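Coordinates in review
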Amino acid sequence: MTTIKLHNTKSRSKEAFAPIDPQNVRMYVCGPTVYDRAHLGNARPVVVFDVLFRLLRHVYGADHVTYARNFTDVDDKINARAAESGREIGEITAETTQWFLDDMGALGALEPTHMPRATQYIPQMVAMIADLIDRGHAYAAEGHVLFAVDSWREGYGQLSGRSVDDMIAGARVEVAPYKKNPMDFVLWKPSDAEQPGWESPWGRGRPGWHIECSAMSHDLLGESFDIHGGGNDLMFPHHENEIAQSCCANPKGEFARYWLHNEMLQVEGKKMSKSLGNFFTVRDLLDKGVPGEVVRFVFLQTHYRKPMDWTEKKAAEAEATLRKWRALTAGIEPTASAAAAVVDALADDLNTAGVIAEMHKLAAAGDAAGLRAAGQLLGLLSEDMGAWAKGPVVDLSAHEAQLFAARQAAMETKDFAEVDRLKAAYTEAGLEVRMSKTGVELVPGTGFDAAKLEALA
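Read on for a plain summary of the structure.

The rules behind each value
Residues numbered from 1 in each chain as written. Predicted model: local features only at pLDDT ≥ 70, side-chain atom pairs only at ≥ 80, totals over all residues. Heavy atoms only, no water. Salt bridge = Lys/Arg side-chain N within 4 Å of Asp/Glu carboxyl O. Helix = DSSP H or I, 4+ residues; strand = E, 2+ residues; numbered from the N terminus. Buried < 20%, exposed > 50% of the residue type's maximum accessible area, 1.4 Å probe, protein only. Pairing = 2+ DSSP bridges. Contact = heavy atoms within 4.5 Å. Axes fitted to C-alpha atoms, helices over the stretch in contact; angles between N-to-C directions. Core = buried A, V, L, I, M, F, W, Y, C linked by side-chain atoms within 4.5 Å.

1. Describing the pattern of salt bridges
Per the stated rule, a full pass over the model turns up 25 salt bridges. Its salt-bridge partner being D36, residue R81 comes within 3.4 Å of it at the nearest N-O pair. Highlighted residues: R81 in helix α2 (residues 76-85) and D36 in the loop between β3 (25-29) and α1 (40-60), separated in sequence by 45 residues. Look at R81 and you get partly exposed, because its relative accessible area is 24%. Residue E95 is joined to R87 by a salt bridge in which the shortest nitrogen-to-oxygen separation is 3.0 Å. Taking relative accessible area as the criterion, R87 reaches 28% and is therefore assigned partly exposed. By sharing partners, the salt bridges in this structure join E317, K324, E432, R434 and E441 into a single network.

2. Here we look at the sheet that holds strand β12 (residues 270-271)
Overall, mixed pairing links the three strands, which are arranged β12-β11-β13 in an open sheet. Because the sheet does not close on itself, it has two edges, and the strands there are β12 and β13 (308-310). In the sheet, strand β11 (residues 265-267) pairs with β13 via three bridges, with the strands oriented parallel. Paired with V267 across the two strands is W310, which belongs to β13. Against the sheet, helix α9 (residues 292-300) engages β11 and β13, with an angle of about 145° to β13.

3. Re the nonpolar core
Formed by 72 residues in total, the largest nonpolar core has its most connected members in L40, L56 and W310. By residue number, the principal contributor to this core is α1, which donates 13 residues. When near neighbours in sequence (up to four residues on either side) are disregarded, L56 contacts I4, F17, V25, M27, G61, V65 and I227. Listed in part, the 43 residues of the second largest apolar core include A138, L159, F185 and M216.

4. Details of the pairing of strand β14 (residues 431-435)
Pairing between β14 and strand β15 (residues 440-444): five bridges, direction antiparallel. When the sheet's bridge partners are listed, L431 is paired in β15 with P444. In this antiparallel pair of consecutive strands, β14 and β15, the connection spans four residues.

Okay, here's the thing in structure tokens:
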């Protein structure tokens, strides 16, 4: 059996993966808060852990992997959206949840085994909070319930590598008067008449964010499971707090054995933000005509533990590569299993860039069946993802020869007017022009327009 190696955030090292039960490999990933469209950065962990889900299914069998990813459908951002729009909270969360599923489906993400909504697990959260109070790890104060970090100093901070004393010293948040310790965090908070709420031993209220994942993962996966994942922005405080409350509520369990965190996303070398004008959603890209498969391919070119930079150039190159691979594999059945080199690369801490390098080798060798099998392990080159690439394949060789000849003539006459005219026309048609000493390459981009190209003939 293939040995999977994963970088465990908790141990800060790459470890051989050994599941608790090979017949039921269990993974939990923190999902979205559903109040709006998913932006491009939200999609990265979805794709990363979808690839891990596919690898686990490949190694252990599809029937032996359980993957849970939650929806946070009770949150102050959702409350604010309801207040400003005048719409019901349930209407907003139902709509945005479906948006998320549709957009991630367009990127080729398989639906997890379980997709729990926080509002469906309020009784389990209340029970866990009550148990934490009984065990001396939480306390009620002014309608709130807070986790007492001092009650678990020996374990708190191990994931993020921080000590409680250092965290207190560096805290710059306003400390609520009912907190015993500045680092204590909310498990339950009161709701007013305008806010969603549920009855509890501490009055009508709603859960804090962190308790949601602990209650849902415990209910679906047990007190010990294999993998917990999410973006590295969740490492502290969210995942640190999950560990604390889960281990204290279930002291005989391990909670999660392996912790995986993906790095963040940039756009054209800069942090994505509305103020910079480089903030966009997955749906924005899809509506612009960028195929979901292209978005996925761009993501997979960068290792999940490295920052990923989305650029228009990468998208154009990804589309050109996928077009060539789809043309090569059209009508070809994949091999029964991806090549050993492909599986080994992916099993080495999800080295997706290494898999893509192997796919280039398979394409160069004309191994269409092997290429398609490798692609499908990554969630690429499947039938249901390929509608965007169907249609006539445009032969650009004549245009490349024409531009090359024009450039050769211009080198003699020093008159580059015709070269500039052709380059401008090809760019207008949505082609990227690549020129070198040895030749010219025209690469279709996301805005490629074959009709404009035909007009140049």
